[in-house]
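Summary of the model geometry
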Amino acid sequence: MGDRLFGGIGIALAAFFIWQATTIQESFIQDPVGPKTFPIIIGIILGLSSLAILLRPDPKPDWPAVGRLAEIGAAVVVLLAYAYALPQVGFLIATAVTAAYLSWRLGTAPLYAVAAGIAISIGIYVVFHLILGLSLAKGPFGF
Amino acid sequence: MDALASLADGFAVALTFQNLFLALVGCFLGTIIGALPGLGPSNGVAILIPLAFSLGLDPTAALILLTSVYYGAMYGGRISSILLNIPGDEPALMTTLDGYPMAQQGRAGEALALSGVASFVGAFFATVGLVFLAPLLVKVALLFGPAEYFALFALAFATLGGISSTNQAKAAFAAALGLGIAMIGVDGQTGVPRFAFGEVHLYDGIDFLVAIVGLFALSEVFIFLEHRGDGSGEGKDAKVGIGRITPSWSLLRSTSPAMARSTVLGFIAGVLPGAGASLGSFLAYTVEKQISDKKGTFGKGDPRGVAAPEAGNNAAAGGALVPMLALGVPGSGTTAVLLAMLLALNITPGPLLFQQNPDVVWGLIAALFIANFMLLAMNIPMVGLFARVLMIPPKFLMPIVAMISFVGIYGISGSTFDLLVMVIFGVLGWVLRKLDVPLVPVILGILLGNLMEANLRRAMTISDGDWTVLFTSPLAIILWTIAVVGFVLPILVGKRIKRRMHMAEEEPGGATSVD
């Protein structure tokens, strides 16, 4: 994706934003500006700057190869799953698995990555929960 | 001397056992964060804010902890610049130019010690400047009405975008994106939901802490995932011998004019909204090179080339606190993050802060002085220990960063929805960084959007809907003029400066972080 496509997406976003702003319901409490005007101004700036990006694009960034993109996509999925899993299975287990995955994908050998994940999870648990008293997600086993 | 009396009160606040301890912890953590490649002051502080918040520290204590981290990170950034030729953060970039050659000549210890002293000089005098300049600025700020504040916010966006990006359009895009995100949620004045799409979680708006941690910390993890294996993200071994770790008097004497000049330059660069520490160290280095480089030794391990950027970036770090505390408008990326911290604690920076919470302001400033001495004392003898921290490879460090980000955000709200939003912001941050869109205006927009709108609407209510009120007072006209100049001027001259900064960046290569 180069700057031309980026600018195009920006203009579409600005148009959507302005359209949404015009649908904001007016309240019975009124002030001279109202809740719509400022968002519309922002939408216009967003659109104009997108147009400028589209018309005068920078050189294309080096997008990573498909494999790397898939790598990042997979990490995003794992992190989203982690967010859902935290309250279900508890902090220690969810964190150990996620940290092990990330460490593995960043180049640790699989067995070491499992050890690293467990160590990171227990380390954070000890420091932040046991020492600092922060509340972490509790799973069915209480940790 | 009002300022000195207030400062004395500040020391009374800062010199409690708890606050001293927090300053010490902050300095230590900050130095480590700064030293680690890929973690800089802004993402380091961003990770720690939610933690300070969920630990239930009172505002003064939390602020002392985080500004100590901020100062510490500024000190720490130089360690990996000198030993590994990888800047620990963007402001430390210029230090690689002469620091690494010194290390290759077996003078790493000397370079580290010298840069420690230079950092101290820069930070110390910048804090002195803060003591005197901030109250003056507060007096000016008391003349501000809603219209002037609106102009001031516009000025902050204009100059921040103007300096922190090569492409003005992208800076403007980033600011508008941030402001747009701030509009999500129930409108504070009329109570109608905006851009919530019927999603109850969005009625409260997007928590800026969630956005900051996602944009700064998580996006860093994605950058490392992207670069795994191609060398730029890997930790190198600190092979270079450290050597003696105390600077000789003659070395200090020969570099002191460089430090003095750079401190002044750095402080000025820091006070200007939007410029920040990167510009401070860049200006300090280039000016020093112009003045002192008679024999062509710069770039080949000249001690003055180490002292100048370090004094410059630490002075800028102190200078950037002036507009943040006095006007509520941050001078750099990291101070934007600190502003988020204050807002999260329900403290609105600006002139009223000095009247309503003098204990917070002056306690903080006193703590900065103390932190400075701690950092100097810590950095000279313990530099070997910090150098060893560099050995932690990213394959272990980055999972820790990601997990701590989740812990911090979950600790505040316990909400899965916030975690999901944070991941989305992480991806957004990665995409924007790939496209060379600066992240700091986005953060600033999210932070200041609602205040900016509130001031606009207040001004309009007072003038009964007459838009010309925004441009009538002399103060407002001055602010608008600076804003326009600050946005347009970099289009004309900024490209040159920025290109030279990027050229300097490409020589050492390696991972840099956002400032």
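Quantities reported herein were computed from a predicted structural model and do not represent experimental measurements.

1. Looking at the overall build of chain A
In terms of helices and strands, chain A carries 5 helices and 0 strands. Along chain A, helices (α) and strands (β) appear in the sequence α-α-α-α-α when read from the amino end. In terms of C-alpha radius of gyration, chain A reaches 23 Å, well past the compact-globule figure of 15 Å for 143 residues. The principal-axis extents of the C-alpha atoms in chain A amount to approximately 55 × 45 × 25 Å. Per-residue burial over chain A gives 34% buried out of 143 residues. When contacts within chain A are restricted to residue pairs at least 6 apart in sequence, long-range pairs at least 24 apart make up 59% of them.

2. Some words on the overall build of chain B
From N to C terminus, chain B includes 21 helices and 2 strands. Sorting the 515 residues of chain B into buried and exposed places 64% on the buried side. Once local pairs closer than 6 in sequence are excluded, the contacts in chain B between residues at least 24 apart make up 82%.

3. Some thoughts on unusual backbone geometry
Residues and elements named next belong to chain B. Despite not being glycine, D436 shows a phi value in the positive range, around 65°. Mapped onto the elements of the fold, D436 is located in the loop between α19 (416-434) and α20 (440-463). Assessed through the 15 C-beta atoms surrounding it within 10 Å, D436 is described here as partly exposed.

4. Some words on helix α5 (residues 110-131) of chain A
Think of an α-helix as 3.6 residues a turn; residues three or four steps apart then line up on the same face. Over its 22 residues, α5 of chain A runs 30 Å from end to end, which matches the ideal 32 Å to within 8%, given 1.5 Å per residue. Those residues of α5 of chain A that sit buried are A113, A116, G117, I120, S121, I124 and F128 of chain A. Residues of α5 of chain A that are buried sit in contact with α4 (91-105) of chain A together with α18 (394-413) of chain B. Count one or two residues on from α5 of chain A and you reach G133 of chain A, which has phi positive near 75°.

5. Comments concerning the interface of chain B and chain A
Tallying the contact residues gives 53 residues for chain B and 55 residues for chain A. Here the side of chain B that touches chain A gets 13 residues from one element, more than from any other, and that element is α18 of chain B. Of the residues contributing to the side of chain B that touches chain A, the split by class is 31 nonpolar, 11 polar and 11 charged.

6. Some points on the domain arrangement of chain A
With domains assigned, chain A is organised as domain 1 (3-55) and domain 2 (66-131). Each of domain 1 of chain A and domain 2 of chain A was reduced to a C-alpha centroid, and the two centroids are 38 Å apart.

7. Considering the packing of helix α4 (residues 59-84) of chain B against helix α14 (residues 333-344) of chain B
All names here are of chain B. With their axes 11 Å apart at the nearest point, α4 and α14 run at an angle of 170° to one another. Put simply, α4 runs roughly antiparallel to α14. Note on packing geometry: the crossing formed by α4 with α14 is right-handed. Together, A62, L63, L66, T67 and Y70 of α4 and T334, L338 and M341 of α14 make up the contact between the two elements. A class-by-class count of the residues in the contact of α4 with α14 yields 6 nonpolar, 2 polar and no charged.

8. Section: the nonpolar core
The nonpolar side chains of soluble globular proteins are, as a tendency, buried together. Ranked by internal contacts, the top residues of the largest apolar core, which has 227 residues, are L66, I212 and V213 of chain B. Looking at this core, you find at least three residues from each of domain 1 (3-55) and domain 2 (66-131) of chain A. Among residues more than four places away in sequence, those in contact with I212 of chain B are A46, V337, A340 and I443 of chain B.

9. Describing the environment of L106 of chain A
Along the chain, the position of L106 of chain A falls in the loop between α4 and α5. For L106 of chain A, a count of 26 C-beta atoms within 10 Å puts it in the buried group. In this structure, the C-alpha to C-alpha distance between L106 of chain A and G2 of chain A, residues 104 residues apart in sequence, is 27 Å. Contacts of L106 of chain A, omitting those with residues within four sequence positions, involve F224, L225, R228, P394, K395 and M398 of chain B.

10. Examining the packing of helix α3 (residues 41-54) of chain B against α18 of chain B
All names here are of chain B. Relative orientation of the contacting elements α3 and α18 amounts to 35°, with a least axis distance of 8 Å. Between α3 and α18 the crossing geometry is left-handed. Contact with α3, carried on its side by I47, P50, L51, F53 and S54, involves V401, I404, S405, G408, I409, G411 and I412 of α18 and no other residues of that element.

11. Let's talk about helix α1 (residues 3-22) of chain A
Residue and element names in this part refer to chain A. Here α1 is 20 residues long and its end C-alpha atoms lie 28 Å apart, about the 28 Å a rise of 1.5 Å per residue gives. Looking at α1, one finds that the buried residues are D3, F6, G7, G10, A14, F17 and A21. On an axial view of α1, the arc spanned by its buried residues comes to 95°, and they lie on one face. Seen from the open side of α1, the exposed residues pointing more than 90 degrees away from its buried face are A12, F16, W19 and T22.

12. Here we look at the environment of L5 of chain A
For L5 of chain A, the location among the structural elements is in helix α1. Remark: the alpha-carbon pair of L5 of chain A and A81 of chain A, spanning 76 residues in sequence, is separated by 30 Å.

13. Re the confidence of the model for chain B
Residue and element names in this part refer to chain B. Summary statistics for chain B give a mean pLDDT of 80 and a share of 88% for residues scoring 70 or more. When mean pLDDT is taken per element in chain B, α19 scores highest with 91 and helix α21 (residues 474-506) scores lowest with 72. Residue range residues 231-238 is modelled with pLDDT below 50. Its contacts to residues more than four positions away, or to other chains, number 21 contacts. Under a pLDDT of 50 for its full length, residues 507-515 has, in the predicted model, 43 contacts with residues more than four places off or in other chains. In the predicted assembly, ipTM is 0.92 and pTM is 0.80.

14. Details of the confidence of the model for chain A
On average, residues of chain A carry a pLDDT of 86, and 97% of them reach 70 or more. α4 of chain A holds the highest mean pLDDT among the elements of chain A, 91, whereas α5 of chain A holds the lowest, 87.

Calculation rules
- Residues numbered from 1 in each chain as written.
- Chains lettered and ligands numbered in written order.
- Predicted model: local features only at pLDDT ≥ 70, side-chain atom pairs only at ≥ 80, totals over all residues.
- Helix = DSSP H or I, 4+ residues; strand = E, 2+ residues; numbered from the N terminus.
- Rg over C-alpha atoms; globule rule 2.2 N^0.38 Å.
- Buried ≥ 20, exposed ≤ 12 C-beta atoms within 10 Å, placed from the backbone.
- Contact = placed C-beta atoms within 7 Å.
- Expected span 1.5 Å × (residues − 1).
- Nonpolar A, V, L, I, M, F, W, Y, C, P; charged D, E, K, R; others polar.
- Domains from an automatic or database assignment.
- Axes fitted to C-alpha atoms, helices over the stretch in contact; angles between N-to-C directions.
- Parallel < 35°, antiparallel > 145°, perpendicular 65-115°, else oblique.
- Left-handed = near helix turned anticlockwise from the far one by under 90°.
- Core = buried A, V, L, I, M, F, W, Y, C linked by C-beta atoms within 7 Å.
- Arc of directions from axis to C-beta.
- pLDDT = per-residue confidence, 0-100.

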